[in-house]
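Coordinates in review
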Number of protein chains: 2
Amino acid sequence: MNAEIIAVGSELLTPFRIDTNSLFLTRELNKLGVDVIRKAVVGDDRKELRRVLQQAMDVADLVVCSGGLGPTEDDLTREALADTLGRRLVRDDEILRTIQERFRRYGRAMPENNARQAMILEGAQALRNPRGTAPGQWIEVKGRVVVLLPGPPVELEAMFANEVRPRLEKLGHRRRLYVRDLRVTGLPESEVEQRVTSIYRQHPECDVTILSAPGEIQLHPRIWSEDAAAANKTLDEMVKGFALALGENLFSTSGESIEEVVGRELQQHRATIATAESCTGGMVAARLTNVPGSSTYFLGGVVCYSNDLKSAWTGVSPDVIEAKGAVSAEVAVALAEGIRRNTRATVGLSITGIAGPGGGTPEKPVGLVHIGLADERGTKERAFQFPGDRERVRSFATIGALDMVRRHFLYAALGKG
Amino acid sequence: MNAEIIAVGSELLTPFRIDTNSLFLTRELNKLGVDVIRKAVVGDDRKELRRVLQQAMDVADLVVCSGGLGPTEDDLTREALADTLGRRLVRDDEILRTIQERFRRYGRAMPENNARQAMILEGAQALRNPRGTAPGQWIEVKGRVVVLLPGPPVELEAMFANEVRPRLEKLGHRRRLYVRDLRVTGLPESEVEQRVTSIYRQHPECDVTILSAPGEIQLHPRIWSEDAAAANKTLDEMVKGFALALGENLFSTSGESIEEVVGRELQQHRATIATAESCTGGMVAARLTNVPGSSTYFLGGVVCYSNDLKSAWTGVSPDVIEAKGAVSAEVAVALAEGIRRNTRATVGLSITGIAGPGGGTPEKPVGLVHIGLADERGTKERAFQFPGDRERVRSFATIGALDMVRRHFLYAALGKG
């Protein structure tokens, strides 16, 4: 079974807003064995909408529309589908009562406009919307299915789960998508690609998507299959091969973020951590505290932007800053040791660098970042030269610092410490 | 003139990746007076691509494709357009030499595959690609224009600027899009909408897009016009009306971020700032230091997640934490005053709250956040009850804290301090 996803709304044709519902819908449809072959975005224009709907029904078994079910004159998805199918819209009195009831609950009278939302296509099933006023619609026509869903993500996602998924499951497709989510750091995308290509080439039934962000690369091997056991076996073999090829750069085979992996390691070792950041300005602490429950291992951190505060908060000597510069191996080491001493954390982590655009020199260019890590056995320090603008350098440095903590525990476990 | 944008690539039909080139292309096309009426995403499938291209050429004056110009067998945009137009692909020897030369510069021989990238449609103009190997193509057919661009954003954006924009300008459309970018905080979206609707209804030639993120709402009024002076006059009037309706909640009429506005205020007042964060875990410091040059006013901050560090770093008494709880007005005040004293900053800013999912009680539920602001004249404190999950609460609290600084300077200027 294949599908086309249509996002409706003139705001989606501006430079300011993008259709993200289709990512959720694709993931859910794939799980149900439905392949997405095309996506379209169209404005609040009845003629254009009609044309896009007709074109979609010419090629796809399933057409899923999001948006254009609101109460205003701009909301034309119902009418355009009625035109396309040559069917009438009929008021559904039960839905009308539900909408009126919803307004009553919030102590307001239903505006006249909202009555439009009770108009259902002849032959369609109305889909309940517990999170809003617009019902969805499900209509089967000549062996094809058209589904209309509301645009707001919270409404669309609840309606899909409650009303659409069970109906699609009843259609009973055994073919499903099987997928893994691998995360890699410390290697450029081209290097990752080179290392894994020969492995996935051995499995022509498998696709691999490679996504890259500053400091992190995601690998998504995917197989369409009717046989869950066979698909999972192939994927497990591939993941094993990827793990060998990528070595310690592979930090998750189950889609965890780097801060989740670091948090898990800290918890397993009953260790705590504290941070002293300069150029990342709090981003490392913010990432660590993204994780629910991080208060069990993250004690706190300082963002010491000024040199005075570097000294005051971590005890780094002003003479060292003067002699070596705030961005130096010596200061990174002193910051890491100082924050560890100051907080009595198991691990002290420090970042000092030049994020740009200003502040670079020939000897210390923009992108130079020193990361330090102190524990009871001593202090490691590493210098990086990251590419890109201020935002990219800060992102690279943030992931680089978290990754240094991950590798610290990995090497300790391997006895390479 | 109207346009359809087609993004080509099977990875764009997965749950992992979205087409963002169309946002850049829409902004640039709008500036040139071209209206985007439809967008499509299609996989690396020659038949589907042909169908989408044909459908686009049926309705749009300009068709802009991104992606599918690479050297591999998956890259089929050239071939599909050749099918659609019934034209041949011809090898362009000059382009072939350019590609070979590019590989030579990097010390490698050109793989045979890359020769495909020198194939140009009969009658097409090749578009130079200074950032990669794939040239683009510009072809005029029966009064319509089809443009093929490479998928990687750095290549696409440079090629658009150097090769496509000048050609579109020569077509000489005087109709242009005029737009403003307003930013609002401290009001829910429905309230913003209600306050501005009657104003923009007076200008039926103007569209307004409203986007909302946790803690911030953006308003984009837009007018298509051939008359720059008239469009700007109308937009200026509308912005004046919006400013009256939104009052102090409007923090920028030129698309600035809240941290940029706060940074400007601090600089104008020759003031410095330091932060003491608990639930936001460094996000406020990270936002402040997003701005290049922020080291002139941001001294530093502490992320005091543990109660011990709250006391150690800001001098808040353990008795107060014990008696009132770490999330309390008293602790917010003590944190703000303590970090100010500790750093000698002009302004001390503090955030303490319950981000969730754990840690809530009936008296202090998840989403409760206290924000404190201390300066030489005293300390203000405000309690908020933010909705949503951990991520949303942390985002709301971050923007709420930055907004408190902005209002502090605004009230001082108005003598409301």
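Residues numbered from 1 in each chain as written. Chains lettered and ligands numbered in written order. Predicted model: local features only at pLDDT ≥ 70, side-chain atom pairs only at ≥ 80, totals over all residues.

**Details of the overall build of chain A**
Formally: Think of it this way: any DSSP run of H or I at least four residues long counts as a helix, any run of E at least two long counts as a strand, and we number them from the N terminus. Atoms considered for the radius of gyration are the C-alpha atoms alone. The globule rule reads 2.2 Å times the number of residues to the power 0.38. To assign burial, the other C-beta atoms lying within 10 Å of each residue's own C-beta are counted, with C-beta atoms placed from the backbone; 20 or more indicates buried, 12 or fewer indicates exposed, and intermediate counts indicate partly exposed. Contacts are defined on C-beta atoms placed from the backbone: any two residues whose C-beta positions lie within 7 Å are in contact.
Helices and strands together make up the secondary structure of chain A, namely 13 helices and 18 strands. Taking 22 Å as the expected radius of gyration for a compact globule of 417 residues, we find that chain A reaches 27 Å, considerably beyond that expectation. By its C-alpha atoms, chain A is 80 × 55 × 40 Å across when sized along the principal axes. Counting only residues that meet the buried cut, chain A has 47% of its 417 residues in that class. Expressed as a percentage of contacts within chain A between residues at least 6 apart in sequence, the contacts between residues at least 24 apart total 65%.

**Things to note about the relation of the copies chain B and chain A**
Put simply, the test is: In superposing the copies, a least-squares fit is computed on C-alpha atoms, taking residues whose pLDDT is at least 70 in both.
When chain B is brought onto chain A, the operation consists of a screw motion whose angular component is 180° and whose axial shift is 0.2 Å, with 0.2 Å RMSD remaining. What we have between these two chains is a two-fold relation. Most of the interface of chain B is mirrored in chain A: 100% of its interface residues are interface residues there too.

**Notes on the nonpolar core**
Spelled out, the test is: Buried Ala, Val, Leu, Ile, Met, Phe, Trp, Tyr and Cys residues form a nonpolar core when they are connected through C-beta atoms within 7 Å.
Formed by 141 residues in total, the largest nonpolar core has its most connected members in I273(A), A336(A), I273(B) and A336(B). Core analysis: the second largest hydrophobic core is formed by 91 residues, V63(A), L62(B), V63(B) and A118(B) among them.

**Some points on the packing of helix α8 (residues 258-268) of chain A against helix α13 (residues 390-414) of chain A**
Residues and elements named next belong to chain A. The cut-off we apply is this: Axis definition: a line fitted to C-alpha atoms, limited for helices to the stretch in contact. Angles are taken between N-to-C directions and run from 0 to 180 degrees. By convention the crossing between two helices is left-handed if the near helix lies anticlockwise of the far one by an angle smaller than a right angle, and right-handed if it lies clockwise. Gly is put with the polar residues, along with every residue not named as nonpolar or charged; the nonpolar set is Ala, Val, Leu, Ile, Met, Phe, Trp, Tyr, Cys and Pro, and the charged set is Asp, Glu, Lys and Arg.
In the contact formed by α8 and α13, the axes pass within 9 Å of each other and the chain directions differ by 35°. The two elements α8 and α13 meet at a crossing, and its hand is left-handed. In this structure, α8 uses I258, E259, V261, V262 and E265 to contact α13, whose residues at the interface are I399, L402, D403, V405, R406 and F409. Looking at the contact of α8 with α13, its residues break down into seven nonpolar, no polar and four charged.

**Quick notes on the interface of chain B and chain A**
At the interface, 51 residues of chain B touch 51 residues of chain A. Contributing elements (two or more residues each) for the side of chain B that touches chain A: α1 (21-31), β2 (35-42), α2 (46-59), β11 (206-213), α9 (283-288) and β15 (298-304) of chain B. Within the side of chain B that touches chain A, the residues separate by chemical class into 25 nonpolar, 18 polar and eight charged.

**Points about the sheet that holds strand β18 (residues 378-385) of chain A**
Sheet strands line up and pair through hydrogen bonds in the backbone, either parallel or antiparallel. We count it as follows: By definition, two strands form a pair when at least two bridges between them are found by DSSP.
One open sheet holds the 10 strands; their spatial order is β18(A)-β17(A)-β16(A)-β14(A)-β15(A)-β15(B)-β14(B)-β16(B)-β17(B)-β18(B), and the pairing between them is mixed. Looking along the sheet, the strands with just one partner apiece sit at the ends: β18 of chain A together with β18 (378-385) of chain B. Here the average twist between neighbouring strands, direction ignored, is 10°. The sheet contact formed by strand β14 (residues 273-277) of chain B and strand β16 (residues 347-353) of chain B spans five bridges and is parallel. Its bridge partner lying in β16(B), A276(B) is registered against S350(B). The strands touched by helix α10 (residues 307-314) of chain B within the sheet are β15 (298-304) of chain A together with β14 and β15 of chain B, with β15(B) carrying the most contacts at an inclination of about 150°. Sitting on the sheet, helix α12 (residues 329-343) of chain B is in contact with β14, β15, β16, β17 (368-375) and β18 of chain B, with an inclination near 145° to β16(B).

**What about the pairing of strand β12 (residues 216-225) of chain A?**
All names here are of chain A. Inspection of the sheet shows strand β9 (residues 176-179) paired to β12 by four bridges, in the antiparallel sense. Directly across from V179, in β12, lies its bridge partner R222. Where strand β11 (residues 206-213) and β12 come together, eight bridges link them in antiparallel fashion. Counterpart to C206 in the pairing with β12 is I223. Where β11 folds back on β12, the antiparallel hairpin that results is connected by two residues, among which G215 adopts a positive phi of roughly 90°.

**Digging into the domain arrangement of chain A**
All names here are of chain A. The condition that has to hold: Domain start and stop positions are those given by an automatic or database domain assignment.
If you check the domain split of chain A, you get domain 1 (2-170), domain 2 (177-252) and domain 3 (258-414). Each of domain 2 and domain 3 has a C-alpha centre, and the two are 30 Å apart. Contacts between domain 2 and domain 3 engage eight residues on the former and 12 residues on the latter. Broken down by class, the residue content of the side of domain 2 that touches domain 3 amounts to two nonpolar, four polar and two charged.

**Let's talk about the sheet that holds strand β6 (residues 125-127) of chain B**
Taken in spatial order, the 12 strands make up an open sheet running β6(A)-β7(A)-β8(A)-β3(A)-β1(A)-β2(A)-β2(B)-β1(B)-β3(B)-β8(B)-β7(B)-β6(B), and their pairing is mixed. Two strands bound the open sheet, and with one partner strand each, they are β6 (125-127) of chain A together with β6 of chain B. Recorded for the sheet is a direction-independent mean angle of 15° between the axes of neighbouring strands. Sheet topology places strand β1 (residues 2-8) of chain A next to strand β2 (residues 35-42) of chain A; seven bridges connect them, and they run parallel. Paired with A3(A) across the two strands is V36(A), which belongs to β2(A).

**Brief notes about the environment of A285(A)**
Turning to its location among the elements, A285(A) is positioned in helix α9 (residues 283-288). Residue A285(A) is classed as buried on the basis of its 34 C-beta neighbours within 10 Å. Taking C-alpha positions, A285(A) is 20 Å from A383(A), a pair spaced 98 residues apart along the chain. Contacts of A285(A), omitting those with residues within four sequence positions, involve T275(A), E277(A), G301(A), G281(B), G282(B) and V303(B).

**Quick look at the confidence of the model for chain A**
Going by this rule: pLDDT gives the predictor's per-residue confidence on a scale running from 0 to 100.
Of all residues in chain A, 100% attain a pLDDT of 70 or more, and the chain-wide mean is 93. With a pTM of 0.87, the predicted complex shows an ipTM of 0.86.

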